[in-house]
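Residues per chain, in single letters:
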Amino acid sequence: MTDTALSAEILAEAATLSTSTIHEAAGRIGALPMAIKPLAPGMRVCGPAFPVKGPPLDNLWLHYALDEAKPGDIIVADVGGLYEGGYWGEVMTTGAVGRRLGGLVIDGCVRDGRELAEIGWPVFARGLAMRGTMKDHGADGYIDVPLVVGGVLVTPGDLVLGDTDGVVVIPKDRVEEAIAASKAREAREADLMKKLATGQSTVGIYGWKRQK
């Protein structure tokens, strides 16, 4: 971690928020591709990003990331756009749990779905694929440096938040303001819900009169 690492207090606050809320409150930024979803219902992830990029159908750089990431880090992986492979499975998940990592967000697929769901360690992926991957020691890749996932820049230490709706990445230097804006948004929505519960409509509350 660097000197600009997110504090435990900030991460605890962020963990109480939904991805949709912080995405909207921060200015509609950071939403990763909608295909990346939790492997099992109820999985949530919150922590600093540890980016890794490897070549298609090769997971050696994911093993390197697993070896070098720190406790609490969220591995955010790009696999070169080839999704028809199981880049991560039960063995690597067991290792990640042992090393106390925070979770995996991969723009690709994983395998051993039943086992991963039973373990419960947070995995967010495009889906499941049984196809095996290679380990080419001469192939290009990199870890713990910025990468782009679905048009979103992911820098080491950025906030990664994932829930049922998907995954959002917030730049580490904007996290505190995003949390404050999220709390304000939640307060406004709570007030709105009270009004809606009395029978008022969103059209009436916001003045969205339909043109006739």
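Parameters and conventions
- Residues numbered from 1 in each chain as written.
- Predicted model: local features only at pLDDT ≥ 70, side-chain atom pairs only at ≥ 80, totals over all residues.
- Heavy atoms only, no water.
- Buried < 20%, exposed > 50% of the residue type's maximum accessible area, 1.4 Å probe, protein only.
- Helix = DSSP H or I, 4+ residues; strand = E, 2+ residues; numbered from the N terminus.
- Contact = heavy atoms within 4.5 Å.
- 1 Å grid on protein atoms, 1.4 Å probe; cavity = no way out; pocket = protein on both sides within 12 Å on 5 of 7 lines; lining within 4 Å.
- Points joined across faces, edges and corners; volume = space filled by probe spheres on them.
- Nonpolar A, V, L, I, M, F, W, Y, C, P; charged D, E, K, R; others polar.
- Pairing = 2+ DSSP bridges.
- Salt bridge = Lys/Arg side-chain N within 4 Å of Asp/Glu carboxyl O.

*Asks:* Explanation requested: helix α3 (residues 60-68) in the structure shown.
*Replies:* Note: α-helices contain 3.6 residues per turn, so residues at a spacing of three or four share the same orientation. Along α3, the residues classified as buried are Leu60, Trp61, Leu62, Ala65 and Leu66. In this structure, the buried residues of α3 make contact with β2 (45-53), β3 (74-78), α4 (90-98), β4 (103-107) and β8 (142-143).

*Asks:* Would you mind going over empty space enclosed by the protein with me for this structure?
*Replies:* Where empty space is left in the structure can be found by rolling a water-sized probe over the atoms. Taken as a whole and judged by the stated rule, the model has 1 cavity of 30 Å³ or more. Each pocket or cavity is described by its volume, and for the largest cavity that value is around 40 Å³. Every residue along the wall of the largest cavity is listed here: Val52, Lys53, Gly54, Pro55, Asp58, Trp61, Leu62, Ala77, Asp78 and Val79. When contributions to the lining of the largest cavity are tallied by element, the ones reaching two or more residues are β2, α3 and β3.

*Asks:* What exactly am I supposed to notice about the layout of surface pockets here?
*Replies:* In this structure, the second largest pocket encloses a volume near 160 Å³. Lining the second largest pocket are 13 residues, with Asn59, Gly89, Met92, Arg111 and Lys135 positioned closest to its centre. Considering every element that reaches the lining of the second largest pocket, the biggest residue donor is α4, with 3 residues. Its residues assigned to classes, the lining of the second largest pocket shows 4 nonpolar, 5 polar and 4 charged.

*Asks:* Hey, could you run me through the pairing of strand β12 (residues 166-170) in this one?
*Replies:* Along any regular strand the residues' side chains alternate between the sheet's two faces. Counting buried residues in β12 gives 5 out of 5 residues, a clear majority hidden from the surface. Side chains Gly166, Val168 and Ile170 of β12 all project onto a buried face; the interleaved residues Val167 and Val169 project onto the opposite face, where all are buried too. From the end of strand β11 (residues 159-163) to the start of β12, which pair antiparallel, there are 2 residues.

*Asks:* Would you explain the pattern of salt bridges in this entry?
*Replies:* Side chains that differ in sign of charge can pair as their charged atoms come close. Under the counting rule described, the total for this entry stands at 10 salt bridges. A salt bridge links Lys183 to Glu13, with the shortest nitrogen-to-oxygen separation between them at 2.3 Å. Placement of the pair is Lys183 in helix α6 (residues 175-197) and Glu13 in helix α1 (residues 8-14), with a sequence separation of 170 residues. Measuring nitrogen to oxygen at the nearest pair gives 3.5 Å for the salt bridge that ties Arg185 to Glu189. One end of the pair is Arg185 and the other is Glu189, both in helix α6 and 4 residues apart, which spans about a single turn.

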